[in-house]
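Close look at the chain arrangement
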Amino acid sequence: MGKDLEPAAYVVGEDEGGTHQPRKLQIGVSFKDLRCFGSTSTTQYQESFLHVIPATLRFVAGIFKPRPKHHVEILRGFEGMILPGEMLLVLGRPGSGCSTLLKALGGEIQGLHLNDEDSVNYQGISYREFHSLFKGERVYLAEQDVHFPELTLGQTLNFAASTRTKKVDPNFALDVASRFKLTEAFHTPVGDALIRGISGGEKRRTSLAEAFVGGAQVQFWDNSTRGLDSLTAGNFVQLLRDTTNRHKSTVAMSLYQTSEDMYENFDSVVVLYEGRQIYFGPVELAADYFTKLGFVKPSRATTADFLTSLTNPAERIIQAGYETIVPQLPDEFSNVWKHSEEAAALRAKIDSFNALHPIRMARSVEDVEKATRHELLSLQTSTYPLTIVRQTLACLSRAIQRSKANATADISAIIANTILGVIIGSLFFKLPEDAENLQQRSVLLFFALMVNAFVPGSEVVVMWAQRPIVEKHDRYAFYHPFTERLASLISDLAAKVAISFSIHLPIYFMTNLRQSAAAFFVYWLFMFVNLNTMSVLFRMIGSVSRTREQTTVPVSVIVLLCIIYTGFIVPPDYMVPWLGWFWRINPLAYTYESLLINEMRDRSFPCSTMIPAGPSYTNISTSDKICTTVGSSIGELQIQGTTYLSDKYDFLPNHLWRNFGILIAMMVAFGIAHLLAAEYIPAQPSRGEVLLFRNKEAAQEMEARTRQSRTILATADGRDTQPAKKEDIAVAPPSRQPSILHWSRLNYEIKTGGNNRKILQDIHGWIKPGTLTALMGVTGAGKTSLLNVLADRATTGVVSGDVYVGSRHRNAGFRRKVGYVQQEDIHLATTTVREALQFCALLKQPDHISKEDKLASVESTLDMMDMKWYADAIVGVPGEGLNVEQRKRLTIAVELVAKPELLLFLDEPTSGLDSQTAWSICTLLRKLVDNGQTILCTIHQPSSQLFRMFDRLLLLDKGGTTLYFGDIGNDASTLIKYFEDNGASKCQPKENPAEWMLKVTGNAPSTSTDTDPQENTKPHNWTDMWNASPQKQDVVNYLAHIRSEAVETDVSLPNKDGEREYAVPLARQLAAVTKRILQDQWRDPVYLHSKFALSILLALFNGISFYNNRLDIQGVINLIFSIFLVTQLFSCVDQLVIPYFINSRAIFEARERDSRAYSWAVFMASNILVELVWQTIIAVPVFAAWYYPTGLQRYGDASMSTSQRGAVTFLLIWLFTLWSSTISQFFAASIQHTEVAMQIATLFYWLSLVFCGVLTPPDRLAQFWIFMYRVSPLTYLIEGLATAGLAGTDVTCSPVEVLHIPFPQDSGALSCGQYLNPFITSGGGHVLNPADNADCQYCPLADANSILASFGMDQRHAWRNVGLMAVYVVFNVFATIGIYWLARVPKRKN
């Protein structure tokens, strides 16, 4: 598409060729004496499990005496100016303050504060006014790629465009995509871990395109091209240059590895050195400024690399005679700049700009027009161009697109809920319409409501997954966050309707609930409103919380309280005063009352059992008998539903529609709170790449080392520095001369979409000891695939050809003897740098090396990698902890400390790093090679300086064919000669040979539309050229020569150590890995605190809700349901254990398994063992928090003493916690994705709960479901707890439960006791007034055994149930290990 694109023109649908080109607001930015501070706690060290104690004490002390925060000055006295139509390049090493400068100017200052907001002037608009009134006029884009994974790339860009105007050109998104080379992926989903989508590079370009579409006039791009190759990055910079010229935008951008072409596109450059400004001015004058100070610019170095190298004492070069004159320390550079003529000229320009545009408080667009003294242009990207309604409609349209793309999830939910509904319906199949089944109807409606209410429980997880995207779009001023949340609620209604019907149709009609259309629709209406009320309640909790972890505990506790205080488990009369109030604000309570009223009001239920009954009472008339059900009247054969509800639950018929109004009010209130929280409460930002240490001593040691290092560097001459000396000392040659790795006729193909796709085709080559070989090619050439094949790590597909080490094939010990530095920096977040290296050294170095020597090698590696000063820092996660450079160094160090005997593979070790870090890493690789190491390294378009460090090159074309394999030569002379001899255009002296090589072979994308076509086309088929060349024949001959020599230098050693798959025995692996997991969890307080807090709080709220429970019939049933609710502990165990296990598995399978650090069996055993330890500890407070408040410890009889009952109860609770963790790990081990594993585990739990015998006693179960009752572990848990707690306990009757039986005067009996004795002998119970002869008061039960028997529970089974629970736990352990072996180990080996 040859046209020049401009977002505004397309957004308003203007004709690009027309004369009425829309104009945009032009805003310059000036800043003077800009200082930026970060506020951190003075005790910001790595937290651990017990840190909660001192943290609590500090919090309490802080209430009375606030502790001052430690202010860190990040930017010190910056000054500069960017006029409309200008681009500023921000240069500096990682940690120098580049991101902070862009954030400060871009208004992204969460966690930061400026000394004076008036130090920044947006052409007369104040700082605060600009970032509120003109939010849409500025954009700040960092490196984060967050998008809705279900949407296609085109839908993502179209939505961005739709938020900027009412009318969108339908071709706009496609045109933008073509500019970013995204046309091929336009209809591909963006994707994530669950949804296969576009590549990482395409996702990065999508982020750039999305921000570009916003059309903001003031733009801040914070290293936004990281992860892109240099030509794609250059293409983007050129695009920014074009649009900046056209629209007079104001642009500031930080870049790593900036080519000269990219550098020349900028107007000005600012250079940062540890938070100080050391230059600001025109790009063409920057190099001259520093050369005048006495620094030397290397001949082949780009200007940007030269400027950045000045901030590194190890790299800057000083002219002879200037050693004592040039500045050395950051403050010295800053002082020289401040007193320079260039700085004085800059300050004069800033003063002139500020005088022309003095800051005024702008209150409206018209005010801004007057304040800035220039015409406010006809098209302005205002903060929110669309009205609230249009924003909501745009978000609703996107939500519908997401639902369509992810229809499988909704369909799966409908099917799963239909199955659950059918199961529940079959459980209560065709309930008889008699008085004896009124309790069963109450149970059915309670359980149906419970299932209904917690269907939206997963919406909190979904909302948190979307939250970063919504907050990003809010920063771009695409829409208000609350409009997206409102649209989400609306779009989910259709799925909720379908799910609601899928659950309740089978439940309602299979169970024979009230058979009338009106009753069904009232039932469904209340269930549906309750579903939505609980949905907004869960979303509200998620919105109010600032971290995902903060939602877990409140959601779990509220779920438990909602269940207990529904009115069924604990009727109102039995509620404890300190928690009874929750009944009044519980949506489930109002729903449950209305469901029972709808089912039972104005209905009569026949009574089949009238008492007294038996042979002795055949002459007693019905008028002298009474029904056994609550609510009965003397002589009445029918129970009135209304009376039953009033007597048992205090439910009144006139509350039916009152409750509906209350539910609607609750739904609206929760919804408003949710929307307000979404708008005004952002997620907690990350702490940034700030080093965290284990403790204060480690931090102080780091500061001392840093001061010492600066002193040493300041006294050096800039070329021979201390760090370099350390590397020289530490790099030692391998213990023995490694063999040549060589391969021939190597092919690799995989299956995609039913077709075979060739990744590698007929590859030949070798790697000699002491050589540094580069593996290059464009994206999709198969570079990483070749590394995986050579390293024996290809997990799928078919590999053919020969790979030899010396004269032999690779054996079982091969993977352990090679190092493989992956492109991703995968590390355990809670470990320190030193601990990560020690773990690797202890497990991967050969067993014959002593532990002391292994630990000594760790210190040597820390010295060699210049990592000693942060050796005790916590690794953290990306964005918090180690920065990108430090992570990459650690990734390399982990492989080096293992002392690979054969060779080292590195996959893109310089990707995403700044040029100085890339240089230092390549220098390190060169040192390793010079000391005898063998290295094969993929590298993506290196600078000419980096390219010169390599000895040989293997160049691959798209499709995995060879374009060249051979020596590079001095200054790439051999490589250049080969291509020029075969017809390539000449490589000019100033050209980078690596980029030239890709251009002449047709593998470089064009950076502009006017590139010389001669340079960018394939004059030859270079693959055929190589295959026919004498160089290829020389390669084949040399490979034959290597094989024919049959030199006995092989991977196999003459002893057992060479054949061993792992370096150390399994027992030592188990000890090391178990220790690391225990340490990891101990240092992850969120994980352990959540686990302890959730378990203990659920048990405690359960226990105190039944505190001193009355031992009448309802009270005993209450306690049985309290035991039933103990099983809720599973929900908090599985939602913590499953994600942790799957994250641990990802680290193990991505790095440690393939490197043969330790066995998969050790990984499984250690994870299971650690969870068993924690669950054992947790079981003690859980037992105490539930057992003693309920009062179960008070009961005991001759059949089982109090101590025995306590022992059985504790053992069952302990075994249940073990069962919960092991069954959770079973599902985690067998299923790939966390969400799916949690859903299936939850379904399994629900099924175990349904058939445990509490909801439907076994004698009422259909014969088909008896097997489920017997296999459910919860059957034996609940029976054991109930019999241990309640068996043999005397039971009284409450006034409602006492049956008043008339005393017939003609019965022949003298008293009530004598009259009812025959009935009590056969039916049980006791008479409360045996001596009276009128109104006999009969209690149907004498002890709890009758109630337990009605649930199919037997006291004799208590200890048996303990044994059965232990069997379940042992079975789970073996099943977990077995399923992992079946599901993952064989697949990976194939």
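In what follows, the accompanying structure is described.

**Notes on helix α19 (residues 481-491)**
Of all the 11 residues making up α19, 8 are buried; the element is thus mostly covered by neighbouring parts of the structure. Among the residues making up α19, those that are buried are P481, T483, E484, R485, A487, S488, L489 and S491. Looking at the packing, one finds that the buried side of α19 touches α15 (388-405), α18 (459-475), α20 (493-510), α21 (517-544) and α26 (656-680).

**Concerning the side chain of T303**
Counting through the fold element by element, T303 comes out in helix α11 (residues 303-309). Other than its neighbours up to four places away in sequence, T303 contacts E260, Y263, A287 and K297.

**Describing the state of the cysteines**
All chains considered together, the criterion is met by 3 disulfides. Linked covalently through their sulfurs, C1293 and C1339 form a disulfide whose S-S length is 1.9 Å. Taking the sign of the S-S torsion, about 75° here, the bridge from C1293 to C1339 comes out right-handed. Residue C1293 is found in the loop between α47 (1273-1286) and β27 (1299-1301), and its partner C1339 is found in strand β29 (residues 1336-1339); the two are separated by 46 residues along the sequence. For C1293, a relative accessible area of 14% translates into the label buried. Each sulfur in the disulfide pair C1312 and C1336 lies 2.1 Å from the other. Classification of the bridge connecting C1312 and C1336 rests on its S-S torsion, roughly -85°, and on that basis the disulfide is left-handed. Note that C1312 is positioned in helix α48 (residues 1312-1323) and C1336 in strand β29, a separation of 24 residues in sequence.

**Overview of the packing of aromatic side chains**
Taken as a whole and assessed by the stated rule, the structure comprises 78 aromatic pairs. The interplanar angle of 90° and the centroid separation of 5.5 Å between the aromatic rings of Y617 and Y1315 together place this pair among those described as edge-to-face. Placement of Y617 in the loop between β12 (610-611) and β13 (626-627) and of Y1315 in helix α48 is noted, with a sequence separation of 698 residues between them. The exposure class of Y617 is buried, given its relative accessible area of 3%. Given a relative accessible area of 5%, Y1315 falls into the buried group. On the numbers, 5.6 Å between centres and 50° between planes, the contact of F1141 with F1163 is tilted.

**Description of unusual backbone geometry**
The omega angle of the peptide bond from I611 to P612 is 0°, so this bond is cis rather than trans. Positive phi, close to 50°, is recorded for E274, a residue that is not glycine. On the secondary structure map, E274 appears in the loop between β9 (268-273) and β10 (276-282). One non-glycine residue, R745, adopts positive backbone phi at about 50°. By relative accessible area, which is 43% here, R745 ends up partly exposed.

**Structural notes on the pattern of salt bridges**
Side chains bearing opposite charge may pair, as long as their charged atoms lie close to each other. Applying the stated criterion across every chain yields a total of 48 salt bridges. Among the salt bridges present, the one from E599 reaches R603, with a minimum N-O distance of 2.9 Å. Neither residue differs from the other here; E599 and R603 are each classed as buried. Through salt bridges with shared partners, a single ionic network connects E150, R398, R402, E484 and R485.

**Notes on the packing of helix α16 (residues 407-427) against α20**
Two elements in contact, α16 and α20, have axes separated by 7 Å at closest approach and are oriented at 15°. In this view, α16 runs roughly parallel relative to α20, as classed from their interaxial angle. The interaxial crossing formed by α16 with α20 has right-handed handedness. The segment α16 lies against α20, with D410, A413, I414, N417, T418, G421, V422, I424, G425 and S426 engaging A495, A498, I499, S502, I503, P506, I507 and M510. A class-by-class count of the residues in the contact of α16 with α20 yields 11 nonpolar, 6 polar and 1 charged.

**Regarding the pairing of strand β18 (residues 798-805)**
In terms of strand pairing, β18 meets strand β19 (residues 808-809) through 2 bridges, oriented antiparallel. Bridging from a neighbouring strand, Y804 pairs with H809 of β19. Joining the antiparallel neighbours β18 and β19 is a turn of 2 residues, in which G806 adopts a positive phi near 70°.

**What to know about the sheet that holds strand β23 (residues 903-907)**
Within a sheet, adjacent strands bond to each other through the backbone by hydrogen bonds, running parallel or antiparallel. Spatial strand order, β20-β23-β24-β17-β25-β26: 6 strands in an open sheet with mixed pairing. Each edge of the open sheet carries a strand with a single partner, namely β20 (818-821) and β26 (962-967). Along the sheet, successive strands turn relative to each other by an average axial angle of 10°, direction set aside. In terms of strand pairing, β23 meets strand β24 (residues 935-938) through 4 bridges, oriented parallel. Bridge pairing in β24 places D907 opposite T938. Sheet contacts for helix α32 (residues 884-896): β20 and β23; angle to β20, the most-contacted strand, approximately 170°. Packed on one face of the sheet, helix α33 (residues 915-930) meets β17 (772-776), β23 and β24 and runs near 160° to β24.

**Looking at the sheet that holds β27**
Read across the sheet, 3 strands follow the order β27-β29-β28 without closing on themselves; strand pairing throughout is antiparallel. Unpaired on one side and paired on the other, β27 and β28 (1326-1327) mark the two borders of the sheet. Bridge analysis of β27 against β29 gives 3 bridges, and the strand direction is antiparallel. Residue pairing in the sheet places L1299 in a bridge with Y1338 of β29. Across the face of the sheet, α48 comes into contact with β27, β28 and β29 while running at roughly 20° to β29.

**Focus on the environment of R246**
Topologically, R246 is positioned in helix α8 (residues 230-247). Its relative accessible area of 31% is what places R246 among the partly exposed residues. Taking the C-alpha atoms as reference points, R246 and G85, separated by 161 residues in sequence, lie 7.9 Å from one another.

**A word on the packing of helix α44 (residues 1202-1230) against helix α50 (residues 1358-1383)**
Running from N to C, α44 and α50 point in directions that differ by 15°, and their axes come no closer than 9 Å. By the angle class used here, α44 and α50 are roughly parallel. Here the hand of the crossing between α44 and α50 comes out left-handed. Grouping the constituent residues of the contact of α44 with α50 by class yields 23 nonpolar, 7 polar and no charged.

Calculation rules
Residues numbered from 1 in each chain as written. Predicted model: local features only at pLDDT ≥ 70, side-chain atom pairs only at ≥ 80, totals over all residues. Heavy atoms only, no water. Buried < 20%, exposed > 50% of the residue type's maximum accessible area, 1.4 Å probe, protein only. Helix = DSSP H or I, 4+ residues; strand = E, 2+ residues; numbered from the N terminus. Contact = heavy atoms within 4.5 Å. Disulfide = S-S within 2.5 Å. Phe/Tyr/Trp six-rings, centres within 6.5 Å; stacked < 30°, edge-to-face > 60°. Salt bridge = Lys/Arg side-chain N within 4 Å of Asp/Glu carboxyl O. Axes fitted to C-alpha atoms, helices over the stretch in contact; angles between N-to-C directions. Parallel < 35°, antiparallel > 145°, perpendicular 65-115°, else oblique. Left-handed = near helix turned anticlockwise from the far one by under 90°. Nonpolar A, V, L, I, M, F, W, Y, C, P; charged D, E, K, R; others polar. Pairing = 2+ DSSP bridges.

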